[in-house]
Structures are given as structure tokens and as C-alpha cells.
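Listed here are the chains, written in short residue letters.
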Amino acid sequence: MKKILHIPNYYPPHTGGIEQVCHMAVSSLSEYEHEGICFNDCRNTRISSYEGIKVIRVGTFAKIASQALSFGYMWRLRAEIRSFPDIIHFHAPNPLVGFYLLCVLPRRVRLIVHYHAEILTSAFLYTCYRPFESLLFRRADLILTTSPKLRDEAKPLAPYHNKCVVLANVIAIRSRKSRKGPHAYSGNTNLLWRSKDRILLRPPCSIQGSALSHWSGKIHKRRMRAADRRRRTFNTPASDAG
């Protein structure tokens, strides 16, 4: 069984868009073995299990320009890479961990960079990080972007369009009655329903060796039909009065 090491900024039950996207990928790819490494929101490092997945939450001592800081992260990351993955699923932007990853990543491990947004918080800090970001993209086997617009307009991705695949963010809800329950997932674009109590979507991408699965064509067509019905409903002109 292939093994994937997921590297988000944080991991559920910590809430956030990147965290939920990562969790959905883990939940959808049941044919792989998964582990996660991320920051903790305190100084202590904790190894725990979340829904059967081992998660290493590395202690942090400060945060600058939305970037958590941890000197011990690199050593934990190196130990995990030596012992665990065939594939790394790295969520960007995460500049410090991106730098650490370049320092410890062996050639045998495939790298998927999941690019969620450009870095806008600090022009100076990004200028310092940009050469390492370019090296990370060059090293990547696949770059996932959350929209065609981000893929086409993000300047750091311009030299690497041949590696880019669009993987749109979604919201997957297990039942209509549980929108605010523990199984309501956060996202920012498409909302899909299914009557049965299971996750609806799978990531629509693959690299050599089928690292990630293609999503179902049926589900994609169903989504397109639903979107078309909504457009027709909202665009129907009101009848003239009198």
C-alpha cells in the first residue's frame, strides 16, 4: 500500500480551509496509508490519532506574518520522511516548512504541492522566500491549484504550468440535517448533496503511479447539471407587469 505524508499548516479538529481540504483528501483516498505533520498552536509537540490517522503536531514558539515558527519541525519532518512516505502532499503557502522540506526531501519521494494562494502578507519576507519557492515548484512532480484563475494569474506558477492541475475546493456534507455538525466540511466553492451518509467527492488528479485518483465522471456531470439548473432559475426574466 502506498503511503502519503500530508503537510498542512494545521490539521483538524483545528478549523480552517486548508485543514479541511487536507482532511477531505485523507478521507477520500482510502486505498492509501496516511500520516500528517503540522504545527501545534502551543509550545508542546503532540503525537495523536485523528479519525485513525497519526498526526504529529509540532510545538511552536511564535508567529510572524501568519507564519508559525518552530525550530524542531525540521528534525521531526526529516524523521518522518525517512521512515514513512512514498508521496508527500504539501499545502502552500507555508514558507518555513517549504524551506525545511527542500533541506530534507530525498529524490525517491514524490512531491505534490497543493497551492492555495499567493503570499500577500509581507512583500519583504516573500522576497526572501521566493527563490526557495521556485526550487520547491521545480522539485514538485505535480502542482495542484484551487482554480483556473489562480493557476493562470499567480506569477510564481508561470514557469510551471505544465505541472499544474486544477483541483477545485468543495464543501462535502454528509446529510442535509448536519450542516453544522461534526461532519460539515469547510470549503469555498461548490456545494454538492448526497442522500447516503458518505463523502461525495474525490480529488480529480493523478501523477505517475496514480498517486491521487480521478474523481467520478458521473459526479462531475451531476454537478454541471445542477449548476445549469441554478443558472436557469436565477436568470429567468420576470414577466412584464400590466
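Peer 1: Just give me the short version of empty space enclosed by the protein, but keep the residues and values in it.
Peer 2: Scanning all chains against the criterion turns up two cavities of 30 Å³ or more. Roughly 30 Å³ of internal volume is contained in the second largest cavity. Take the lining of the second largest cavity: its biggest share by element is four residues, from helix 4 (residues 123–139). Residues belonging to the lining of the second largest cavity are distributed by class as follows: five nonpolar, no polar and one charged.

Peer 1: Provide a residue-level description of the layout of surface pockets, including the pertinent values.
Peer 2: By volume, the largest pocket amounts to about 540 Å³. The wall of the largest pocket is formed by 21 residues, among which Ile64, Gln67, Pro95, Leu96 and Leu125 lie closest to the centre. Those elements giving two or more residues to the lining of the largest pocket turn out to be strand 6 (67–69), helix 3 (95–104) and helix 4. A total of five residues in the lining of the largest pocket trace back to one element, the largest contributor, which is helix 4. Across the lining of the largest pocket, the residue classes break down as 14 nonpolar, six polar and one charged.

Peer 1: Break down unusual backbone geometry for me, citing the residues and quoting the values.
Peer 2: Between Pro12 and Pro13 the backbone carries a cis peptide bond, its omega angle lying at 15°. Residue position: Pro13 is located in the loop between strand 1 (3–7) and helix 1 (17–28). Note that the residue after Ala92, namely Pro93, is joined by a cis bond; omega there is 10°. Structurally, the position occupied by Pro93 is in the loop between strand 7 (87–92) and helix 3. Even without glycine at this site, Glu51 takes up a positive phi of about 50°. At Ser66, a position not held by glycine, the phi torsion is positive, near 70°. Tracing the backbone shows Ser66 in the loop between strand 5 (62–64) and strand 6.

Peer 1: Tell me about helix 1, residues and numbers included.
Peer 2: In an α-helix there are 3.6 residues to a turn, and that puts residues three or four apart on one side. A rise of 1.5 Å per residue sets the reference length of helix 1, with its twelve residues, at 16 Å; its end C-alpha atoms lie 16 Å apart and thus fit the reference within 8%. Taken across its twelve residues, helix 1 has ten buried, putting it largely inside the fold. Taken together, the buried positions of helix 1 are occupied by Ile18, Glu19, Gln20, Val21, Cys22, His23, Met24, Ala25, Val26 and Ser28.

Peer 1: Hey, could you go over the pairing of strand 7 for me, with residue numbers and the actual values?
Peer 2: Among the six residues of strand 7, six are classified as buried, and the element is accordingly described as predominantly covered. Along strand 7, one buried face is formed by Ile87, His89 and His91 and the opposite face, lined by Ile88, Phe90 and Ala92, is buried too. As defined by bridge partners, strand 1 adjoins strand 7 across four bridges and the pair is classed as parallel. Residue pairing in the sheet places Leu5 in a bridge with Ile88 of strand 7. The sheet contact formed by strand 7 and strand 8 (residues 110–115) spans six bridges and is parallel. Each bridged residue has a counterpart across the sheet, and for Ile88 the counterpart in strand 8 is Leu111. A crossover links strand 7 with its parallel partner strand 8, the connecting element being helix 3, and its sense is right-handed.

Criteria and cut-off values
All residue numbers refer to position in the chain's written sequence, counted from 1. For a predicted model such as this one, the threshold for reporting local features is a pLDDT of at least 70, and the threshold for listing and counting side-chain atom pairs is 80 or more; totals across whole chains, interfaces and linings nevertheless cover every residue. Hydrogen atoms and water are omitted, and side-chain values are computed over all heavy atoms in the structure. The rule is simple: put a 1 Å grid over the protein atoms alone, call a set of points where a 1.4 Å probe fits but cannot get out a cavity, call an open set with protein on both sides within 12 Å along at least five of seven lines a pocket, and count a residue as lining if it has an atom within 4 Å of a point. Grid points are joined across faces, edges and corners, and a volume is the space filled by probe spheres set on the points. Only DSSP runs of H or I reaching four residues or more are called helices, and only runs of E reaching two or more are called strands; each is numbered from the N terminus. Gly counts as polar in this scheme, as do all residues outside two lists: the nonpolar Ala, Val, Leu, Ile, Met, Phe, Trp, Tyr, Cys and Pro, and the charged Asp, Glu, Lys and Arg. For a helix, the expected span equals 1.5 Å multiplied by the number of residues minus one. With a 1.4 Å probe rolled over the protein chains alone, any residue whose accessible area is under 20% of its type maximum counts as buried; one over 50% counts as exposed, and the rest are partly exposed. The pairing criterion is simple: DSSP has to find at least two bridges between the two strands. Here, the term right-handed applies to a crossover whose path from the first strand over the helix to the second runs clockwise when the strands point away from the viewer.

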